[in-house]
Amino acid sequence: MKKTLSQFLPILNWGKEYSKEIFVADAIAALIVTVMLIPQSLAYALLAGLPAEVGLYASIAPLILYTIFGTSRTLSVGPVAIISLMTATAIGAIAEPGTIGYLETAIALSLLSGIFLTLMGLFRLGFIANFLSHPVMAGFITASGLLIALSQLKHILGISISGHNLTEQLASLFSNIGMTQYPALLIGAGSIIFLLFIRNSLENLLKKIGLSDYVASLLVKAGPVFAVMITIILTASLSLDQKNLDIVGMVPQGLPSLQLPELNMDIVIKLGSAALLISLVGFVESISVAQTLAAKRRQHINPNQELIALGMSNIGSSAVGGYPVTGGFARSVVNFDAGAVTPAAGGMTAIGIALATLFLTPFLYYLPKATLAATIIIAVMGLVKIQPMIDTWRYSKSDFFAMAVTILLTLFLSVEAGIITGVASSFILFMYKTTKPHYAVVGRVDGTEHFRNIKRHNVITDPRIISIRIDESLYFSNIRYLENEINKLVAAQPECEHIILMCSAVNSIDSSALESLESINHRLIDANVKLHMSEVKGPVTDKLSKTTFMDDLSGQIFLSQYEAFNALSNNSPT
């Protein structure tokens, strides 16, 4: 019972080892992450089309709940760019941005996503994320990064830009660009230049003047906070809000009340597919970050427990008026680099953000939205990567096709269409590949017991023998192809008397494949050719022994391909 409880509550495991030294390390990491998360949370809420304070709310309860349920020691959960974009797309089709209904729909989406994630974890469905292949996710993230950056130009330019795809947004941009507000442009462009300088040059500059690596790194991570402070002071002192500069305005002070939204069947039907997609994409992003960081410290991540942790985090987000969240790469890396030892650092970060919500929100009144837009643009610049596309094209044309389809449909149709089509195309390509199992006609390498592809190596063969190495398991989808290939090989080699199936890579043979093997055996008997098998694995042999196949087999089952070739060949060594 105790073991089962600790599996669902990992805090019981690492909590036993907690010490004063670990507390200090976690507290320092929490302070650093809190400083970074305040402007980031505000920015991502605006990206989702929500009031700025919602980003703060969504960074409190999820962090606390992940501390209790999560298996990663350093993952930081909260609003992220991709999920914010998907949230805006999903609820924008149901409610008008800026309305109460829009916020209520976002809260309901978080609850529904949390329920899906939790159920997936309880039913141990973490493997589902494997259907989101890396090329599809890379293409989706790249396209989403472009859409996010483009959508933020409305705040940089101080104009209205609408639409959920590239065509709509570009059309809206060009039609309204003549209405550019120069205060917004100066603040936005200046913030981008400032943040780029901090990211690319400040750390080396600080080291040159004598600051330690730790202090220099800390100041760089706090870059967005400096941008926020400077632009707030400029806006207030120059009264830029009265010169058509859009500001955040009044941010409610205090913590939100706890209340789960009501879910009715109408909401579930409208949001169900979007919530499921957000759940899957969020889980893939989160688990990849968690596993990458855990590997650096030789720690273990439990994918199914991570589903439960993310599910509870999203349910917690909805309970405090937040929107869907997941584990973020940037915040988690900062948490890791800052020295976080346990998930308690996340809980302390939540406390820091809660304190900011209680006491600092009045100072955000003059914060320009152009500054937050600049923060988002700089953050998503790392999402847009061209090199992986080039590498995928060189390595696998089929994977590049799935990636390209995902990018194009995400850009020119919608976020949902891009990810769904990407997954579908990957699955179709996978099924197509499995219908054509890889095989090779092999011969013996002279002076050895090894057998290699006759097209790649200079090997010894016998015209009376066709040795076929099968490189995949056999099942209903691929056996017909192999059956046809064997027929072609026999027809092309009239002197053939023996077929040897080298089964070293065959892990299973299903009933459809067994039936086809029986058909191949009988057809070869009619052609005066014997069918043999070699290097058949134990579990496969066990299953075959329960049938009549081995009794009806015209040839033999050999322990090794070398033994089979020697027994049947005129070229066997003396």
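Provided above is the structure to which this section pertains.
In this text the structure is predicted, and so the values were computed from the model without any measurement.

> Looking at this model, I keep getting lost on the nonpolar core. Mind explaining?
The nonpolar side chains of soluble globular proteins are, as a tendency, buried together. Grouped together as the largest cluster of nonpolar side chains are 105 residues, with contacts concentrated most on Leu-42, Met-86, Ile-148, Val-281, Tyr-323, Leu-367 and Ile-419. Considering every element that reaches this core, the biggest residue donor is helix 14 (residues 265-296), with 15 residues. Judged by nonpolar contacts, the second largest core, of 29 residues, contains Tyr-439, Cys-503, Ala-513 and Val-529.

> Is there a simple way to think about unusual backbone geometry in this case?
Peptide bonds are, in most cases, trans, and in most cases residues other than glycine have a negative phi. For Arg-298, which is not glycine, the phi dihedral falls at a positive 55°. Position of Arg-298 among the secondary structure elements: in the loop between helix 14 and helix 15 (303-319). We classify Arg-298 as exposed; its relative accessible area is 84%. Here Asn-528, not a glycine, exhibits a phi torsion of approximately 60°, which is positive. Mapped onto the fold, Asn-528 is located in the loop between helix 23 (511-526) and strand 7 (530-534). Among the residues examined, Asn-528 registers a relative accessible area of 67% and is labelled exposed.

> Is there a simple way to explain the packing of helix 8 (residues 134-151) against helix 21 (residues 415-434) in this structure?
Angle between the axes and distance between the axes: these two values describe a pair of packed helices. At a minimum axis separation of 10 Å, helix 8 and helix 21 run at an interaxial angle of 165°. Considered as vectors, helix 8 and helix 21 are oriented roughly antiparallel to each other. Where helix 8 crosses over helix 21, the handedness of that crossing is right-handed. When helix 8 is examined against helix 21, the residues Val-136, Met-137, Phe-140 and Leu-147 are found in contact with a partner set consisting of Val-415, Ile-419, Gly-422, Val-423 and Ser-426. Of the residues that constitute the contact of helix 8 with helix 21, the class distribution is 7 nonpolar, 2 polar and no charged.

> Which parts of the structure should I look at to understand the pattern of salt bridges?
A side chain with one charge may pair with a side chain of the opposite charge, provided their charged atoms come close. Enumeration over the complete set of coordinates arrives at 10 salt bridges. For Glu-203, the salt bridge identified is with Lys-207, shortest N-O distance 3.5 Å. With a gap of 4 residues between them, Glu-203 and Lys-207 both fall in helix 11 (residues 182-208), about one helical turn apart. Look at Glu-203 and you get partly exposed, because its relative accessible area is 26%. With its nearest N and O atoms 2.9 Å apart, the salt bridge here joins Arg-464 to Glu-497. Here Glu-497 lies in the loop between helix 22 (479-492) and strand 6 (498-502) and Arg-464 lies in the loop between strand 4 (451-453) and strand 5 (465-470), a separation of 33 residues in the sequence. For Arg-464, a relative accessible area of 18% puts it in the buried group.

> I tried to follow the pairing of strand 6 on my own but got confused; where do I start?
For a regular strand, side-chain orientation follows a simple rule: the groups alternate between the two sheet faces. Across the 5 residues of strand 6, 5 count as buried, placing the element largely inside the fold. Residues His-498, Ile-500 and Met-502 of strand 6 are buried on one face, and the alternating residues Ile-499 and Leu-501, pointing to the opposite face, are buried as well. Pairing geometry for strand 5 and strand 6, over 5 bridges, is parallel. Of the residues in strand 6, the one forming a bridge with Ile-465 is His-498. A crossover connection joins strand 5 to the parallel strand 6 through helix 22; in handedness this β-α-β unit is right-handed. Looking at chain direction, strand 6 and strand 7 are connected through 5 bridges and run parallel.

> Would you mind showing me how to read the sheet that holds strand 3 (residues 439-444) here?
Backbone hydrogen bonds are what pair the strands of a sheet, in a parallel or an antiparallel way. Overall, mixed pairing links the 6 strands, which are arranged 4-3-5-6-7-8 in an open sheet. Two strands bound the open sheet, and with one partner strand each, they are strand 4 and strand 8 (557-558). Summarising the sheet, strand 3 and strand 5 pair through 4 bridges and their orientation is antiparallel. Among the inter-strand pairings, Val-441 is bridged to a residue of strand 5, identified as Ile-468. This element, helix 26 (residues 561-568), spans strand 3, strand 4, strand 5, strand 6, strand 7 and strand 8 of the sheet and lies at about 170° to strand 6.

> Can you help me understand the packing of helix 7 (residues 100-122) against helix 14 in this one?
Following both chains from N to C, one finds helix 7 and helix 14 inclined at 60°, their axes separated by 8 Å at the closest point. Taken together, the axis directions place helix 7 and helix 14 in an arrangement best described as oblique. Classified by chirality, the crossing of helix 14 by helix 7 is right-handed. Judged by residue contacts, Thr-105, Ala-108, Leu-109, Leu-112, Ser-113, Phe-116, Leu-117 and Met-120 of helix 7 engage Ile-267, Val-268, Leu-271, Gly-272, Ala-274, Ala-275, Leu-276, Ile-278, Ser-279, Leu-280 and Phe-283 from helix 14.

> Where do I start with the packing of aromatic side chains in this structure?
Both the distance between ring centres and the angle between the ring planes are used here to describe each pair of aromatic rings. A complete count under the given rule lists 5 aromatic pairs for this structure. Judged by centre distance (5.6 Å) and plane angle (70°), the rings of Phe-451 and Phe-565 are edge-to-face. Of this pair, Phe-451 sits in strand 4 while Phe-565 is found in helix 26, placing the two residues 114 residues apart along the sequence. Judged by relative accessible area, Phe-451 falls into the buried class, the value being 4%. Relative to Phe-476, the ring of Tyr-475 lies with its centre 5.3 Å away and its plane at 85°, an arrangement referred to as edge-to-face. Using a relative accessible area of 23% as the deciding quantity, one classes Tyr-475 as partly exposed. One Lys or Arg, Lys-296, reaches over the ring of Phe-336 and ends 5.5 Å from the middle of that ring.

Conventions we followed
- Residues numbered from 1 in each chain as written.
- Predicted model: local features only at pLDDT ≥ 70, side-chain atom pairs only at ≥ 80, totals over all residues.
- Heavy atoms only, no water.
- Core = buried A, V, L, I, M, F, W, Y, C linked by side-chain atoms within 4.5 Å.
- Buried < 20%, exposed > 50% of the residue type's maximum accessible area, 1.4 Å probe, protein only.
- Helix = DSSP H or I, 4+ residues; strand = E, 2+ residues; numbered from the N terminus.
- Axes fitted to C-alpha atoms, helices over the stretch in contact; angles between N-to-C directions.
- Parallel < 35°, antiparallel > 145°, perpendicular 65-115°, else oblique.
- Left-handed = near helix turned anticlockwise from the far one by under 90°.
- Contact = heavy atoms within 4.5 Å.
- Nonpolar A, V, L, I, M, F, W, Y, C, P; charged D, E, K, R; others polar.
- Salt bridge = Lys/Arg side-chain N within 4 Å of Asp/Glu carboxyl O.
- Pairing = 2+ DSSP bridges.
- Right-handed = clockwise from strand over helix to strand, strands pointing away.
- Phe/Tyr/Trp six-rings, centres within 6.5 Å; stacked < 30°, edge-to-face > 60°.
- Lys NZ or Arg CZ within 6 Å of the ring centre and 35° of its normal.

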